[in-house]
Amino acid sequence: MNLMWVMEFIGTFAFAISGLRLAAAKNFDWYGAYVVGLAVAIGGGTIRDVLLNTTPFWMTNPIYLIITGVALIYTVVFAKYVVRMKSAFFIFDTVGLALYAVVGVEKTLSFGFPLWVATGMGLLTATAGGVLRDILINEIPLIFRKELYATLCILGGLVFGLCQKLGLDILWTEVISFLVIFISRILSVRYHIALPKIKSKVGESAMDDFE
Amino acid sequence: MNLMWVMEFIGTFAFAISGLRLAAAKNFDWYGAYVVGLAVAIGGGTIRDVLLNTTPFWMTNPIYLIITGVALIYTVVFAKYVVRMKSAFFIFDTVGLALYAVVGVEKTLSFGFPLWVATGMGLLTATAGGVLRDILINEIPLIFRKELYATLCILGGLVFGLCQKLGLDILWTEVISFLVIFISRILSVRYHIALPKIKSKVGESAMDDFE
Amino acid sequence: MNLMWVMEFIGTFAFAISGLRLAAAKNFDWYGAYVVGLAVAIGGGTIRDVLLNTTPFWMTNPIYLIITGVALIYTVVFAKYVVRMKSAFFIFDTVGLALYAVVGVEKTLSFGFPLWVATGMGLLTATAGGVLRDILINEIPLIFRKELYATLCILGGLVFGLCQKLGLDILWTEVISFLVIFISRILSVRYHIALPKIKSKVGESAMDDFE
């Protein structure tokens, strides 16, 4: 499955870049930037593996740490291209999102958990790294206020389960789930489709305790 | 133990509501609000189970995700009632606090750990979800500055151990520990009893490094 | 290995104090301060042990919770001395940093992982507690913007591996790795050696999505 490896590397690279750019905006040094890049690249999968009670995936293969290192060198050397290539990175990032979600679903099912757990784990694999990034740079997680991002991972998980029910082989199941997430995210961003905000009335006086 | 289930659901519901309200105050969308609600509802127990090196409790039963979903629908549909029912939710929240603490103590003891570990785990079960919530909404955790909240969970753990020493059966041990936490929290809020602040002199120049 | 125990206690004490001081600066109560102190003292080792899929070290020996309690009492009673003893605490903190790193490397190797994983775990053991502290007090982690701190832990891990390759016994390996981290940190702070910042050009428009 050479193609899947290539896609995983592209996704990891794009995820790391998103962390590196925000670290730069916050004036981090190289080490801080590397950690934030790594948090996006491996954070979601690490939380998944901890919950599955298994050894985190990156502890058995240094490639993820290396890719993040390459991303760091790339952003330091080619700073201005990183900013200009915004739309390319959006595509790469969506590859990462869709692939991580599919990988998370598949790994969780292979541990014998039911589809609803696997779907949640796919979502976690794809998005928890970004949440960790936003905590480390001391911002409110982006994903909680923008885009359909998360919802699409849930859709992908359900499609994965449906494909299996229909008896499709694993390769087709992966490809279809991947494409459903990939295409629906591109469309949702293109047409500014978003979830509604939760009614602010509910929040009235909720912050009182914080002074 | 039907009553205990009912109480656990009430506690989970109240915990989720506390997350949903703060998410609304921060302008989160439905997904973000759901995640914050879920963080309060299952965060503490998840950290406990990870430290106990066992599968997180919510991965074997979808009820906690469902209750949080119901809480989300409830807050969206009945926004204004949520705000008005403040004192009812305070009671529910205290039910959750006391019950989660007792459940945490009991589960940890069943894994063969001594009482001091179990007491810490009870505390973690009851309070870590709220800390996670405050990290996700980018605020300083409320529990570190207000109320006796945490201290009462420690008291509950010690009472649990005492009841066992005295040879009480498990049901009475649970009920007494629960009531000690429940009643003492209501009294501590009613009479504004709080822990002293740590002397600010100690903090002098501590923040210098952060600029 | 009596000396190693004494050093571990000194390091734990100094780590706890760093959390307690910042908690005081943020107006936390005793409980909040204790939790932040504990986060620095045991946070890194706990994350290491969760990733190694083993029981967190502090759950088998209450000494770490007790040392943090002593540090709390000390800061409450001797507030002004804590501030004055700044340079002593810098030395203690460096002892903690170097020792935690060495302990983390050694424990990870004993689980059969290769040196690159062990070095990462040494780094995590020594620094993740401080990152956790900064998240709890709602600040951007200090370590991502200041000092060579982290880099020196990586150096220490590599020296540890080199000593083993050279066939040195475990005691000498520990002592040399410890001293390399300890001395290089003191020198790096003395001569203001720091990592470069990541180019801010890369960060341009990165924060746009956050509004």
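Here, the structure is the one placed above.
This is a predicted model, so every value here is computed, not measured.

Caption draft 1: Here's a closer look at the interface of chain C and chain B. Each side of the interface is counted separately: chain C has 45 residues, and chain B has 38 residues. Across the chain C/chain B interface, buried area totals approximately 3600 Å², and carbon plus sulfur atoms make up 68% of it. Inspection of the region where chain C meets chain B yields 0 salt bridges. Across the chain C-chain B interface, the total number found is 7 residue pairs in polar contact (both at pLDDT 80 or more). When contributions to the side of chain C that touches chain B are tallied by element, the ones reaching two or more residues are helix H1 (2-25), helix H2 (30-51), helix H3 (63-77), helix H4 (79-84) and helix H6 (115-136) of chain C. Per-element accounting of the side of chain C that touches chain B gives the leading share, 8 residues, to H2 of chain C. Residues belonging to the side of chain C that touches chain B are distributed by class as follows: 27 nonpolar, 10 polar and 8 charged.

Caption draft 2: Looking closely at the interface of chain B and chain A. Taken together, the contact between chain B and chain A spans 45 residues of the former and 38 residues of the latter. Carbon and sulfur atoms make up 69% of the area that chain B and chain A hide from each other, which totals about 3600 Å². Three residues stand out in chain B for area buried against chain A, namely Asp29, Tyr31 and Met59 of chain B, and they jointly supply 19% of the buried area on that side. Summed over the shared surface of chain B and chain A, the result is 0 salt bridges. Counting the contacts that link chain B with chain A gives 7 residue pairs in polar contact (both at pLDDT 80 or more). Of all the secondary-structure elements, those providing two or more residues to the side of chain B that touches chain A are helix H1 (2-25), helix H2 (30-51), helix H3 (63-77), helix H4 (79-84) and helix H6 (115-136) of chain B. Examining the composition of the side of chain B that touches chain A, we find that 8 residues originate from one element, H2 of chain B, more than from any other.

Caption draft 3: Region of the structure containing the relation of the copies chain C and chain B. The transform that puts chain C on chain B rotates by 120 degrees and translates by 0.0 Å along the axis, for an RMSD of 0.0 Å. As the rotation angle and translation indicate, the two copies are arranged about a three-fold axis.

Caption draft 4: Looking closely at the nonpolar core. Phe144 of chain A, Phe144 of chain B together with Phe144 of chain C are the most contacted members of the largest nonpolar core, which has 214 residues in total. Not counting chain neighbours up to four residues away, the residues in contact with Phe144 of chain B comprise Val131 of chain B together with Phe28, Asp29, Tyr31, Gly32, Val35, Val36 and Leu136 of chain C.

Caption draft 5: Structural detail: empty space enclosed by the protein. Here the structure, examined in full by the defined rule, presents 2 cavities of 30 Å³ or more. The volume enclosed by the largest cavity comes to roughly 90 Å³. Lining the largest cavity are 17 residues; nearest its centre among them are Val50 and Asn53 of chain A, Val50 and Asn53 of chain B together with Asn53 of chain C. For the lining of the largest cavity, the elements supplying multiple residues, two or more each, are helix H2 (30-51) of chain A, H2 of chain B together with H2 of chain C. The residue makeup of the lining of the largest cavity, split by class, is 9 nonpolar, 6 polar and 2 charged. Volume-wise, the second largest cavity comes out at about 70 Å³. Lining the second largest cavity we find Asp134, Ile135, Asn138 and Glu139 of chain A, Ile135, Asn138 and Glu139 of chain B together with Ile135, Asn138 and Glu139 of chain C.

Caption draft 6: Structural detail: the pattern of salt bridges. All names here are of chain C. All told, the structure shown has 15 salt bridges over all chains when counted by the stated rule. Where Arg185 meets Asp93, a salt bridge forms, and the shortest distance between an N and an O atom there is 3.3 Å. Here Arg185 is found in helix H8 (residues 170-190), whereas its partner Asp93 is found in helix H5 (residues 86-110), with 92 residues between them in sequence. Residue Arg185 shares its accessibility class with Asp93, and that shared class is buried.

Caption draft 7: Structural detail: the relation of the copies chain B and chain A. Once turned by 120 degrees and shifted 0.0 Å along the axis, chain B lies on chain A with an RMSD of 0.0 Å. Of the interface residues in chain B, just 18% have counterparts in chain A that sit at the interface too, so the contact is made through distinct surfaces.

Caption draft 8: A look at the environment of Trp30 of chain B. The residue Trp30 of chain B is located in helix H2 in this model. With a relative accessible area of 32%, Trp30 of chain B lands in the partly exposed category. In the structure, Trp30 of chain B is positioned 24 residues away from Val6 of chain B in sequence and 26 Å away in space, judged by C-alpha atoms. Contact partners of Trp30 of chain B, with chain neighbours within four places excluded, come to Pro196, Lys197 and Ile198 of chain A together with Leu72 and Val76 of chain B. Here the side chain of Trp30 of chain B touches Lys197 of chain A through a polar contact of 3.4 Å, landing on its backbone oxygen.

What counts, and at which threshold
Residue positions are given per chain, counting from 1 as you read along its sequence in written order. Chains and ligands are labelled by the order in which they are written, letters from A for the one and numbers from 1 for the other. It should be noted that, the model being predicted, local features are given only for residues of pLDDT at least 70 and side-chain atom pairs only at 80 or more, the latter also being counted only at that level, while totals for whole chains, interfaces and linings use all residues. The side-chain values count all of the structure's non-hydrogen atoms but skip hydrogen atoms and water molecules. Throughout, a contact is declared for two residues whenever any of their heavy atoms are within 4.5 Å. Once two parts are brought into contact, the accessible area they lose, counted with a 1.4 Å probe and summed over both, makes up the buried area. Between Lys or Arg on one side and Asp or Glu on the other, a salt bridge is scored when a side-chain nitrogen of the former is within 4 Å of a carboxyl oxygen of the latter. Polar contacts here mean pairs of N or O atoms no more than 3.5 Å apart (in protein, one a potential hydrogen donor and the other a potential acceptor; neighbouring residues in sequence count only if both atoms are side-chain atoms). Comment: elements are numbered from the N terminus, with helices defined as DSSP H or I runs of at least four residues and strands as E runs of at least two. In the scheme used here, Gly and all other residues not listed as nonpolar or charged are polar, with Ala, Val, Leu, Ile, Met, Phe, Trp, Tyr, Cys and Pro taken as nonpolar and Asp, Glu, Lys and Arg as charged. What sets the superposition is a least-squares fit of C-alpha atoms, and only residues with pLDDT of at least 70 in both copies go into it. Throughout, nonpolar core names a set of buried Ala, Val, Leu, Ile, Met, Phe, Trp, Tyr and Cys residues whose side chains join them through atoms within 4.5 Å. Under the scheme applied here, a residue whose accessible area is under 20% of the maximum for its type counts as buried, over 50% as exposed, and between as partly exposed, the area being computed with a 1.4 Å probe on protein chains only. Put plainly, a pocket is an open set of points on a 1 Å grid over the protein atoms alone with protein on both sides within 12 Å along at least five of seven lines, a cavity is a set where a 1.4 Å probe fits but cannot get out, and a lining residue has an atom within 4 Å of a point. Grid points are joined across faces, edges and corners, and a volume is the space filled by probe spheres set on the points.

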